Amino acid sequence: MESGKSSGVDGQRFAIGGRVVDADDPQLQDLLAQAYEAPGRPRCLCVAGGVEMYVAFHRHFQIKRMPETGDRHHPACPSYEPGPAMSGLGELVGEAVVQLDPARVELHVDFPWARVPGRPGMGREPAEPSEVGRTRRRMSLRALMHFLFERAGFNHWSPAMAGKRNQAVLHKYLMQAAEAIQVKGEPLSRRLYVPEAFSETAKAEQAERRRARLSVLQPHDGRQPLAVVLGEFKGWESAPAGARIWIRHMPDAPLLADARTWARVQRGFAPLFEALDSDGGRGLRLMLAALIRARREHTYEIDLASLMLTSEEWIPLEGVHEAPLVRALVAQGRRFIKPLRYDARSVAGFANAILLDVGAEPVDLHVVSGFMGEAEQGAKRRAFESARARSWLWLPGEAMPVLPNPSPRLTAGAAACRPHAGPTTVRPNPAGRGPD
């Protein structure tokens, strides 16, 4: 195939050092090793003229997408990504999300990495400030969870991922995504714990690895360090002066919460807890991101918490009303992206899903819930009307409209490889985009 022609619909191809190679070419590693030291950049040939990529090394050489170029790729290309404005990420880029270099990103969050007992979290402002500046955006714990899921590729789906997502995959790709994220001057991976897939025969070794990972919580210099646990909520039970919270794959290490903290969590996330018990709750998961500190040796207490609903495949959902659409897309073997809310006040302006297997232009899929307020329903309809040339709308009380047909030019080869966001890899993985 000539380098100027689109290859995104047949599988990913690259121009490297004057040669055109497929993503699964056995000589790709040798070519990437040469390109790693060369001044030029490889190009993805999914569109005419190609799109610049870069080469990184992480256990093996990887060809990755340059930042802010995702929407230049063909929608069928594994490196395609809608622009940040298509989700709540757009409000955070440049302030709360800062690209340090092609491989690393820095996040500015609105929570600390340590507490000082007895000291208030916020001091009073001086009567006469020496300077006044604009308040910069900071990312909430929920937005951090969304960012991790997006970087690891769990808001993406293609038929090649069916049956391949499990706790081991979740652990692997979330932790790998965290390695390239800086928070408060250190890799997020040092402050993040995602449970391994529990094994009865290896539970002692797993517990030891967990304790080693969370040893960062040891108090020092009068400070109580904090870390993030990210796992699937299993249930809770009353405990002296509070609650004991259980995370799947952590049967021997419940998280503790005082009565006031857990009551606030239950009130604030009541719709999500109720979703699991609802008529449409089949196959739903509830993910918990908890900022924790050590109450005492190997006893962990929740300082701050956020929850997120997902499908059975760990695709993030804004609410139960999105679940039938996501189930239909997965069942029909479609390729799509699920835009995430982050810290946006409203999601009405974002598509509920973006269909990628319909040709040169994606299709925005919009769902209007009858339980939305009038303002939200109106905003959703306006988003549909002002969307790209092709969009799809499902109104309350109606049967789901027929989804746009997939392009006959798309093949399994185009859908099988889903690289990592920002940095992208060429090797397939069940999560969606994280590197192997």
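Shown above is the structure to which this text applies.
Notes on the structure follow. Fair warning: this is a prediction, and the values are worked out from it, not measured in the lab.

## Some thoughts on the sheet that holds strand E1 (residues 13-16)
Adjacent strands of a sheet form backbone hydrogen bonds with each other and so pair up, either parallel or antiparallel.
Okay, so step 1: Strand order across the open sheet formed by five strands is E2-E1-E3-E4-E5, with antiparallel pairing between neighbours. Of all the strands in the sheet, just strand E2 (19-22) and strand E5 (61-65) have a single pairing partner and so form its edges.
Okay, so step 2: Direction of pairing for strand E3 (residues 43-44) relative to strand E4 (residues 51-57): antiparallel, over a ladder of two bridges. Bridging across to E4, Cys 44 finds its partner in Val 51.
Okay, so step 3: Against the sheet, helix H1 (residues 28-37) engages E1, E2, E4 and E5, with an angle of about 70° to E5.

## Some words on the packing of aromatic side chains
Okay, so step 1: Summed over the entire model, instances satisfying the criterion amount to nine aromatic pairs.
Okay, so step 2: Here a set of aromatic residues connected by ring pairs shows up, and it is made of Phe 233, Trp 236, Trp 262 and Phe 273.
Okay, so step 3: The cationic tip of Arg 285 hangs over the ring face of Trp 314; the distance from NZ or CZ to the ring centre is 3.7 Å.

## A short note on the pattern of salt bridges
Okay, so step 1: For the structure shown, the criterion picks out 19 salt bridges.
Okay, so step 2: The closest approach of N and O atoms between Glu 91 and Arg 137, which form a salt bridge, is 4.0 Å. Residue Glu 91 is found in the loop between E5 and strand E6 (97-101), and its partner Arg 137 is found in the loop between strand E8 (114-115) and helix H2 (141-152); the two are separated by 46 residues along the sequence.
Okay, so step 3: Notably, a salt bridge pairs Glu 301 with Arg 295, separated by 3.1 Å at the nearest N-O pair.
Okay, so step 4: Linked by salt bridges that have partners in common, Arg 115, Arg 293, Arg 295, Glu 301 and Asp 303 make up one network.

## Looking at the sheet that holds strand E11 (residues 186-187)
Okay, so step 1: Taken together, the four strands give an open sheet; going across it, the order is E6-E7-E10-E11, and neighbouring strands pair in mixed fashion. Across the chains shown, the open sheet's two edge strands, defined by having one partner strand only, are E6 and E11.
Okay, so step 2: Note: E6 against strand E7 (residues 104-107), four bridges, orientation antiparallel. Paired with Val 97 across the bridge in E7 is Leu 107.
Okay, so step 3: Each of E6, E7 and strand E10 (181-183) is contacted by H2, which is oriented at about 165° to E7, the strand it contacts most.

## Here we look at unusual backbone geometry
The general pattern is negative phi for most residues beyond glycine and trans for most peptide bonds.
Okay, so step 1: The phi dihedral of Asp 221 falls on the positive side, at around 55°, and the residue is not glycine.
Okay, so step 2: A positive phi is found at Tyr 342, a non-glycine position, where the angle reads about 55°.
Okay, so step 3: Of note, Tyr 342 is situated in the loop between strand E20 (336-337) and strand E21 (353-355).
Okay, so step 4: Given the relative accessible area of 0%, Tyr 342 is considered buried.

## Some remarks on the environment of Pro 84
Okay, so step 1: In this structure, Pro 84 sits in the loop between E5 and E6.
Okay, so step 2: Judged by relative accessible area, which is 36%, Pro 84 ranks as partly exposed.
Okay, so step 3: With 14 residues separating them in the primary sequence, Pro 84 and Gly 70 have C-alpha atoms 9.5 Å apart.
Okay, so step 4: Once residues within four sequence positions are removed from consideration, Pro 84 is found in contact with Leu 89, Gly 90 and Val 93.

## A closer look at helix H8 (residues 374-385)
Owing to its 3.6 residues per turn, the α-helix aligns residues three or four sequence positions apart on the same side.
Okay, so step 1: Given a rise of 1.5 Å per residue, 12 residues ought to cover 16 Å, and the 16 Å separating the end C-alpha atoms of H8 matches this to within 8%.
Okay, so step 2: When H8 is considered as a whole, its buried residues turn out to be Gln 377, Gly 378, Lys 380 and Ala 383.
Okay, so step 3: If you follow the buried residues of H8, they end up packed against strand E22 (363-367).

## Things to note about the pairing of E2
Okay, so step 1: Where E1 lies against E2, four bridges are found, and the strand directions are antiparallel. From the neighbouring strand, Phe 14 faces E2, where its bridge partner is Val 21.
Okay, so step 2: The antiparallel pairing of E1 with E2 creates a hairpin that spans two residues between the two strands, and Gly 17 there sits at a positive phi of about 55°.

## Looking at the packing of H2 against helix H3 (residues 167-179)
Okay, so step 1: Where H2 contacts H3, the two axes come as close as 8 Å, and the packing angle between them is 105°. Considering the angle they form, H2 stands roughly perpendicular to H3. Contact with H2, carried on its side by Leu 148, Phe 149, Arg 151 and Ala 152, involves Leu 170, Tyr 173, Leu 174, Ala 177 and Ala 178 of H3 and no other residues of that element.
Okay, so step 2: When grouped by side-chain class, the residues that make up the contact of H2 with H3 number eight nonpolar, no polar and one charged.

## Some remarks on helix H7 (residues 323-331)
Okay, so step 1: Three or more residues of H7 are buried, namely Ala 323, Leu 325, Val 326, Ala 328, Leu 329 and Val 330.
Okay, so step 2: Where H7 is buried, its residues touch strand E9 (156-157), strand E19 (316-317), E20, E21, E22 and strand E23 (391-394).
Okay, so step 3: Trailing H7 by a residue or two, Gly 333 shows a phi angle of about 70°, which is positive.

Cut-off values and rules
Residues numbered from 1 in each chain as written. Predicted model: local features only at pLDDT ≥ 70, side-chain atom pairs only at ≥ 80, totals over all residues. Heavy atoms only, no water. Pairing = 2+ DSSP bridges. Helix = DSSP H or I, 4+ residues; strand = E, 2+ residues; numbered from the N terminus. Contact = heavy atoms within 4.5 Å. Axes fitted to C-alpha atoms, helices over the stretch in contact; angles between N-to-C directions. Phe/Tyr/Trp six-rings, centres within 6.5 Å; stacked < 30°, edge-to-face > 60°. Lys NZ or Arg CZ within 6 Å of the ring centre and 35° of its normal. Salt bridge = Lys/Arg side-chain N within 4 Å of Asp/Glu carboxyl O. Buried < 20%, exposed > 50% of the residue type's maximum accessible area, 1.4 Å probe, protein only. Expected span 1.5 Å × (residues − 1). Parallel < 35°, antiparallel > 145°, perpendicular 65-115°, else oblique. Nonpolar A, V, L, I, M, F, W, Y, C, P; charged D, E, K, R; others polar.

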